[in-house]
Amino acid sequence: METIVSGDLRKTPLYEEHCALKAKMAPFGGWLMPIQYEGIIAEHAHTRSTVSVFDICHMGEFMLEADPVASGLDRIVTQDIVSMPEGTCRYGFMLNEQGGIVDDLVVYRLGKTSWMLVVNAATTPADELHLKRYLIGPHRLTNASNDLGKLDIQGPGSTEALQKLVGEGVAKLSYYTFGKFTLRKENVIISRTGYTGERGFEVYISNANIRGLWQELLSLPGVKPAGLGARDTLRLEMCYPLYGQDIDASRNPLEAGLGNFVDFSKDFIGKKALQAVKTQGIRERLIPFIADSRRSPRHGFGIYVNGVKTGVVTSGSFSPSLALGIGMGYVAMPLDAGSKIEIKDGAVEISAAVAKRPLYTKGTARS
Amino acid sequence: MNVPQNLLYTKEHEWVRIEGKIAYIGITEYAQSSLGDITFVDLPKKGAVVEQFKFCATVESVKAASDVYAPLSGTVTSINEELSAHPELVNHSPYEQGYFCVIEIKDASEKTKLLNADAYRTYIEGLAA
């Protein structure tokens, strides 16, 4: 096993499990996380064809008891959360006053005035400050990140695998809904969500029970562990943004092409700034692209059109599904799908074409 | 870790197999295992002149790109064409089917600057500790 040693990195409750599986470990978002077990390409393919389990304990969860309007929560999230039925989840953003993205998150409506907010690992402390700053009126906010773990079970076979442990009810969950189930005598939340593009679930379970669940899942036929390496190639093929790389506080959802997750019919923090962006025109746009070869574009490489630099790659990798280099980056001019671009860094030159989202079109997430 | 006795090695994890005036070049088991799935190999062109311990190729894995250095100086006489469609051969067979190229050796005395199999094995064991 290859370990990068740093005293400041946190370990998930599954650290010993990863070591036993000879995972390659590396830092991510302040945590020492498994990057791969048998190999990124094999784990990627297994997730697309069968089912994989990912340790996602590093992500943050906030529990909130609050009226959505009186507490200001509806203003904190770009999506309309007031109309959300109980038992559903919604993807959206928390913005600053300038319209910059503080974080992307999934909001779970647990009850009439009961919520779970699932956020990125590295941004959890800043998110907590942001929530405390903008929540008003009576409310109770708890950072549950230290006690609550999360496993993602992703792939076309995820329903079949998970129902062996929790019963057939889990098969009834539709995309972006969740239910409460019993696992290892604990009442847990399971949602039909994920970050891979495949049919899948996210299970929120206490740290005390997560090791048992991990072992139980891996003992099921066809279920294999997958690391953050495969998670990254899977999400990039779907053009899902990675916070800190494709989006951050200097970018807004309109530039990122994620305006669908912003509801302009209601008020939200950053709305004025985004309306100004709409009026003045979008300065730079995040575009996905596919290389003509297997060569991988990388974060920071320049994007050129007819020899003139027009942008920068934010995410780039080899796509195991397409067997070609793929990526996303911001460009300063409108480019239609099919437009030819060059990706350059020093002596490296990669021909590519602007593509449509998603780059991988056979995902089973909604099926 | 597989370290064949009949090869010479560099501390940058390249190997060379000398056959008279020519030499096969590639990267070691240790290198391919550290890199993970190899997705692309950028080889020197036939006829290119390479210098000992200087850049001669790029190998890309899913996560990163790495430079490969020539273990000996010489002129590239042929390259492993198979790697353009099947770079994973470097993972599966780093010392045979996954070789990078063949060079005509310029100066055979340069091999004294390389490690033999025992010295290289000791070296990588030291890295793992």
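Residues numbered from 1 in each chain as written. Chains lettered and ligands numbered in written order. Predicted model: local features only at pLDDT ≥ 70, side-chain atom pairs only at ≥ 80, totals over all residues. Heavy atoms only, no water.

**What to know about the interface of chain B and chain A**
With 20 residues of chain B in contact, the opposing surface of chain A contributes 16 residues. Across the interface of chain B and chain A, roughly 1,200 Å² is buried in total on both sides, 45% from carbon and sulfur atoms. Seen at the junction of chain B and chain A, the total is three salt bridges. Between A:Arg295 and B:Asp42 there is a salt bridge; the shortest N-O distance is 3.4 Å. Listed by contribution, the elements that provide at least two residues to the side of chain B that touches chain A are α1 (29-35), β4 (38-42), β6 (55-61) and α2 (82-85) of chain B. Ranked by the residues each element gives to the side of chain B that touches chain A, the list is headed by β4(B), at four residues. Class assignment for the residues of the side of chain B that touches chain A results in eight nonpolar, seven polar and five charged. (Contact = heavy atoms within 4.5 Å. Buried area = accessible area lost by both parts, 1.4 Å probe. Salt bridge = Lys/Arg side-chain N within 4 Å of Asp/Glu carboxyl O. Helix = DSSP H or I, 4+ residues; strand = E, 2+ residues; numbered from the N terminus. Nonpolar A, V, L, I, M, F, W, Y, C, P; charged D, E, K, R; others polar.)

**Looking at the domain arrangement of chain A**
Domain parsing of chain A yields domain 1 (3-56 + 146-237), domain 2 (61-143) and domain 3 (284-354). Summarising the inter-unit geometry, the C-alpha centres of domain 2 of chain A and domain 3 of chain A are found 34 Å apart. (Domains from an automatic or database assignment.)

**A closer look at the pairing of strand β7 (residues 101-111) of chain A**
Residue and element names in this part refer to chain A. Most of β7 sits out of view: ten of its eleven residues are buried. Where strand β6 (residues 89-95) and β7 come together, seven bridges link them in antiparallel fashion. When the sheet's bridge partners are listed, Met-94 is paired in β7 with Asp-103. Sheet analysis places β7 next to strand β8 (residues 114-119), joined by five bridges and oriented antiparallel. What sits directly across from Val-107, in β8, is Leu-117. From the end of β7 to the start of β8, which pair antiparallel, there are two residues. (Buried < 20%, exposed > 50% of the residue type's maximum accessible area, 1.4 Å probe, protein only. Pairing = 2+ DSSP bridges.)

**Overview of the packing of aromatic side chains**
In total, this model carries eleven aromatic pairs over all chains according to the counting rule given. Taking 5.0 Å as the distance between ring centres and 65 degrees as the angle between the ring planes, the aromatic pair formed by A:Tyr175 and A:Tyr176 counts as edge-to-face. In this structure A:Tyr175 comes out as partly exposed when scored by relative accessible area, which is 25%. You can call A:Tyr176 buried: its relative accessible area is 18%. Between B:Trp15 and B:Tyr95, the aromatic rings sit 6.0 Å apart at their centres with planes inclined by 50 degrees, giving tilted as the arrangement. With a gap of 80 residues between them, B:Trp15 in strand β2 (residues 14-19) and B:Tyr95 in the loop between α3 (89-92) and β9 (101-105) connect regions that are remote in the sequence. Judged on exposure class, the residue B:Trp15 and its partner B:Tyr95 are both buried. Each residue in the set A:Tyr91, A:Phe93 and A:Phe261 is aromatic and connected to the rest through ring pairs, giving one cluster. (Phe/Tyr/Trp six-rings, centres within 6.5 Å; stacked < 30°, edge-to-face > 60°.)

**Things to note about the nonpolar core**
Residues and elements named next belong to chain A. Ranked by internal contacts, the top residues of the largest apolar core, which has 44 residues, are Phe-93, Tyr-108, Met-116, Tyr-204 and Ile-247. The set of elements that each furnish at least two residues to this core consists of β3 (31-36), β6, β7, β8, α7 (228-237), α8 (271-280) and β18 (324-331). Ile-153, Phe-201, Trp-214 and Leu-220 belong to the second largest nonpolar core, which has 31 residues in total. (Core = buried A, V, L, I, M, F, W, Y, C linked by side-chain atoms within 4.5 Å.)

**Re the sheet that holds strand β11 (residues 178-183) of chain A**
Residue and element names in this part refer to chain A. With mixed pairing, six strands are arranged side by side in an open sheet as β11-β12-β13-β10-β4-β14. Two strands close off the open sheet at either side, each with one partner strand: β11 and β14 (223-225). Sheet twist, expressed as the mean angle between neighbouring strand axes with direction ignored, is 30 degrees. Summarising the sheet, strand β4 (residues 51-55) and β14 pair through three bridges and their orientation is parallel. Residue pairing in the sheet places Val-53 in a bridge with Pro-225 of β14. (Axes fitted to C-alpha atoms, helices over the stretch in contact; angles between N-to-C directions.)

**With respect to unusual backbone geometry**
Residue and element names in this part refer to chain A. Of note, the bond from Arg-357 into Pro-358 is cis; its omega dihedral lies within 30 degrees of zero at -10 degrees. With respect to the helices and strands, Pro-358 occurs in the segment after β20 (348-354). A positive phi is found at Tyr-176, a non-glycine position, where the angle reads about 60 degrees. Summarising the element assignment, Tyr-176 is placed in the loop between α5 (158-166) and β11.

**Quick notes on helix α4 (residues 117-128) of chain B**
All names here are of chain B. Here α4 is twelve residues long and its end C-alpha atoms lie 17 Å apart, about the 16 Å a rise of 1.5 Å per residue gives. As for α4, its buried residues are in contact with β1 (8-9) and α1. The backbone nitrogen of Asp-118 has a side-chain oxygen 3.2 Å away, supplied by the residue at the start of α4, namely Asn-116. (Expected span 1.5 Å × (residues − 1). Polar contact = N/O pair within 3.5 Å; in protein donor to acceptor, adjacent residues only side chain to side chain.)

**Description of the state of the cysteines**
Enumeration according to the criterion identifies zero disulfides over all chains in this entry. A:Cys57 takes part in no disulfide bond, and the closest cysteine sulfur to it belongs to A:Cys19, at a distance of 14 Å. Residue A:Cys57 is classed as buried on the basis of its relative accessible area of 4%. No disulfide involves B:Cys101; its nearest neighbouring cysteine sulfur is the one of B:Cys56, lying 5.6 Å away. (Disulfide = S-S within 2.5 Å.)

**Focus on the sheet that holds β4(B)**
Hydrogen bonding along the main chain pairs the strands of a sheet, whether they run parallel or antiparallel. All names here are of chain B. Read across the open sheet, the three strands follow the order β4-β6-β7; overall the sheet is antiparallel. With one partner strand each, in any of the chains shown, β4 and β7 (65-69) form the two edges of the open sheet. Each strand axis lies, on average, 25 degrees off the axis of its neighbour in the sheet, ignoring direction. Inspection of the sheet shows β4 paired to β6 by four bridges, in the antiparallel sense. Counted as the bridge partner of Asp-42 is Thr-58 from β6.

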